[in-house]
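Each chain is listed here by its residues.
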Amino acid sequence: MKDKQAMPSDNNLDLVIRNAEVVTASDRFICDIGVRDGKIVALGQSLGNAKEEIDASGMLVLPGGVDAHCHLDQPMPDGIRMADDFFTGTRAAVCGGTTTVIPFAAQEKGGSLKEAVMDYHRRADGRAVIDYAFHLIVADPTPAVLNEELPVLIQEGFTSFKVYMTYDDLKLSDREMLEVLDVARRHKALVMVHAENADCISWLTEKLINEGNIEPRFHGLSRPSVVEREATHRAISFAELVDVPILIVHVSGKEAIEQIRWAQGRGLKILAETCPQYLYLTAEDMGLHGDHGYEGAKCVCSPPPRDPENQKAVWHALANGVFSVFSSDHAPFNYDDPKGKKLGGEAQPFNHIPNGVPGIETRLPLLFDGVRRGKLSLHQFVELTAYKPAKIYGLYPRKGTIAVGADADIVLWDPNRKVRIANSSLHHAVDYTPYEGIEVTGWPMTTLSRGEVIVRNGEYLEPTAGRGRFLKAGQPEL
Ligand code: DUC
Ligand code: ZN
Ligand code: ZN
């Protein structure tokens, strides 16, 4: 691939990408792409000169990824700290071919949602290198939040919010879930549900801890599939009762998938998301039968990774349309850090290990490797990682596709490049990756955000921190 500074432009194009084999969620064609003022303004043959030219021969040219579920610089309880802020997190995202992220502005119990949003803006301002929107986390749906704050925030471009059925500091009662769903129905917003049964988890956890079973591997045993299945079914039932769509996030395997398929088959608008950890990790990575010592903490996330049969079910459900969204759920906690997985400086009982795995940079290559292995089509890859997330979260057609009028968020993807994933080559601020040593074929080589080259031939160009813009989300298109 050769790039060049071209001759003076005769049509006021800032950039032309030549010989682009464009792949969107629905189409595949070869053309030149003309960019002006950060937008795609022309798709055609032999476009005139521009100030800058990029030759995309040999590459696939894809819409920039939209990572619709990641956690960056989210305030945490109990002395826990996320390793990635908006600068390091978005740097890693763009190096992995993602050009839009949607992390979470989280309300604390007893706190104001509006203030959580203002605080989160301050964290992103001057730091993000790519564009971002916010989801909300509703942890305390008081009458003031339900009747005043949420409706205003939806109007202001925060059209999706997550609710939790587990975690003491976040979980809602069934009654509270119904109230939040009803606000979403009336104001045409989308509720994302973390579906695990809190009481089952606390009962199992107490038993395991009392028996002295404290190592990371017991995390998985405290949150078996049935716990996720029950909560998934309950959330679906609430959505049916209130008559509103929902999206079940980070689905880990077969049993929850069965519930979602069942609901979809009955005509309910139940959307679902899964993540790389459910394709590539299992309970063995938390040390289930081996002796991983405390290293298993690196793969502690919720719902937990399961087994190869469940991985297979997740691959299948990606191909057969059960899932609409493939996100990273990037939760950047250092391993060797008193504010991370070794909370307070030491190994912790499993129930005190911060939950989550990093993956914002590896999300796209890990799924793309499935395209190479015939697990899903290239169009499905684009649909799950860019097009549908943009549509569902109200960012389409500005994001999620390559079309005239869209932002020039574009990835030149080398489908043949083999990469062995190593934390030393990644751009996040986390001290490990759970995917260390996995070899994938296919890697994003050159990535543009609003027409600006941010990564060129694999090299991060150090754009100005803060160039990323806040995106007001529109109404979800489901
Ligand atoms: N589970 C969550 O619910 N969020 C962050 C990461 C995780 O494992
Ligand atoms: Zn969650
Ligand atoms: Zn999450």
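Caption draft 1: Focus on the coordination of the zinc ion (ligand 3). Taken together, His69 (NE2), His71 (NE2) and Asp329 (OD) make up the full set of protein donors to the zinc ion (ligand 3), lying 2.0 to 2.1 Å away. Going along the chain, you hit the donors of the zinc ion (ligand 3) in the pattern H-x1-H-x257-D. A separation of 4.0 Å is found between the zinc ion (ligand 3) and the zinc ion (ligand 2). Taken together, the positions of histidine 71 in the loop between strand 7 (65–67) and helix 1 (86–95) and aspartate 329 in the loop between strand 16 (325–326) and helix 11 (363–372) put the pair 258 residues apart, joining distant regions of the chain. Per residue, the accessibility class of histidine 71 equals that of aspartate 329, and both read buried.

Caption draft 2: Focus on the site of ligand 1. Taken together, the neighbourhood of ligand 1 is formed by His71, Lys162, Tyr164, Tyr167, His194, His250, Cys301, Ser302, Asp329, Ala331, Asn355 and Gly356. Within the side chain of histidine 194, an N or O atom sits 2.9 Å from an oxygen atom of ligand 1. Between ligand 1 and serine 302 there is a distance of 2.8 Å, counted from an oxygen atom to a backbone nitrogen or oxygen. In isolation ligand 1 offers 240 Å² of accessible surface; the protein chains occlude 94% of this area. Broken down by class, the residue content of the shell around ligand 1 amounts to four nonpolar, six polar and two charged.

Caption draft 3: Geometry of the pattern of salt bridges. The full count for this structure, using the stated rule, is 35 salt bridges. Linking glutamate 179 and arginine 175 is a salt bridge whose minimum nitrogen-to-oxygen distance equals 2.9 Å. Placement of the pair is glutamate 179 and arginine 175 together in helix 4 (residues 174–187), with a separation of four residues, close to one helical turn. Note on glutamate 179: relative accessible area 31%, which makes it partly exposed. When its relative accessible area of 60% is taken as the criterion, arginine 175 is described as exposed. A salt bridge links arginine 186 to aspartate 182; its shortest N-O distance comes to 3.4 Å. In this pair, arginine 186 and aspartate 182 are both assigned in helix 4, four residues apart and thus about one turn of the helix distant. Among the charged side chains, a network of salt bridges with common partners joins Lys39, Asp131, Arg398, Lys399, Asp407, Asp409 and Arg450.

Caption draft 4: Structural detail: the packing of helix 11 against helix 12 (residues 378–392). Relative to each other, helix 11 and helix 12 sit at 155°, their axes nearing to 9 Å. Taken together, the axes of helix 11 and helix 12 are roughly antiparallel relative to one another. Crossing angle aside, the handedness with which helix 11 passes helix 12 is right-handed. Facing helix 11, whose interface residues are Arg363, Leu364, Leu367, Phe368 and Val371, helix 12 presents Leu378, Phe381 and Thr385.

How each quantity is defined
Numbers given to residues run from 1 along each chain, matching the order in which its sequence is written. Each chain is given a letter, starting from A, and each ligand a number, starting from 1, according to the order in which they appear as written. Selection of residues for local features in this predicted model requires a pLDDT of at least 70, selection of side-chain atom pairs for listing and counting requires 80 or more, and totals for whole chains, interfaces and linings are taken over all residues. Side-chain calculation: all heavy atoms of the structure are included, whereas hydrogens and water are not. The rule for donors is simple: N, O or S, within 2.8 Å of the metal, or within 3.2 Å if the metal is Na, K or Ca. Water isn't counted, so a site may look like it is missing partners. A run of H or I in DSSP becomes a helix once it reaches four residues, and a run of E becomes a strand once it reaches two; helices and strands are each numbered from the N terminus. A 1.4 Å probe rolled over the protein chains alone gives each residue an accessible area, and that area as a share of the maximum for its type sets the label: buried under 20%, exposed over 50%, partly exposed in between. In this text, near means that some heavy atom of the residue lies within 4 Å of the molecule or strand in question. In the analysis that follows, any N or O atom pair within 3.5 Å is treated as a polar contact, provided that within protein one partner can donate a hydrogen and the other can accept it, and provided that, for residues neighboring in sequence, both atoms belong to side chains. Per-residue accessibility takes into account occlusion by the displayed protein chains alone, with areas from the Shrake-Rupley method and a 1.4 Å probe. Three classes are used: nonpolar for Ala, Val, Leu, Ile, Met, Phe, Trp, Tyr, Cys and Pro, charged for Asp, Glu, Lys and Arg, and polar for all others, with Gly counted as polar. The salt bridge definition used is simple: a Lys or Arg side-chain nitrogen within 4 Å of an Asp or Glu carboxyl oxygen. Axes here refer to lines fitted to C-alpha atoms; in helices the fit is confined to the stretch in contact. Angles between the N-to-C directions go from 0 to 180 degrees. Orientation is classified from the angle alone, with under 35 degrees giving roughly parallel, over 145 giving roughly antiparallel, 65 to 115 giving roughly perpendicular, and any other angle giving oblique. Here a crossing is called left-handed whenever its near helix is offset anticlockwise from the far helix by less than a right angle, and right-handed whenever the offset is clockwise. Contacts are residue-level and defined by heavy atoms, with any inter-residue pair within 4.5 Å sufficient.

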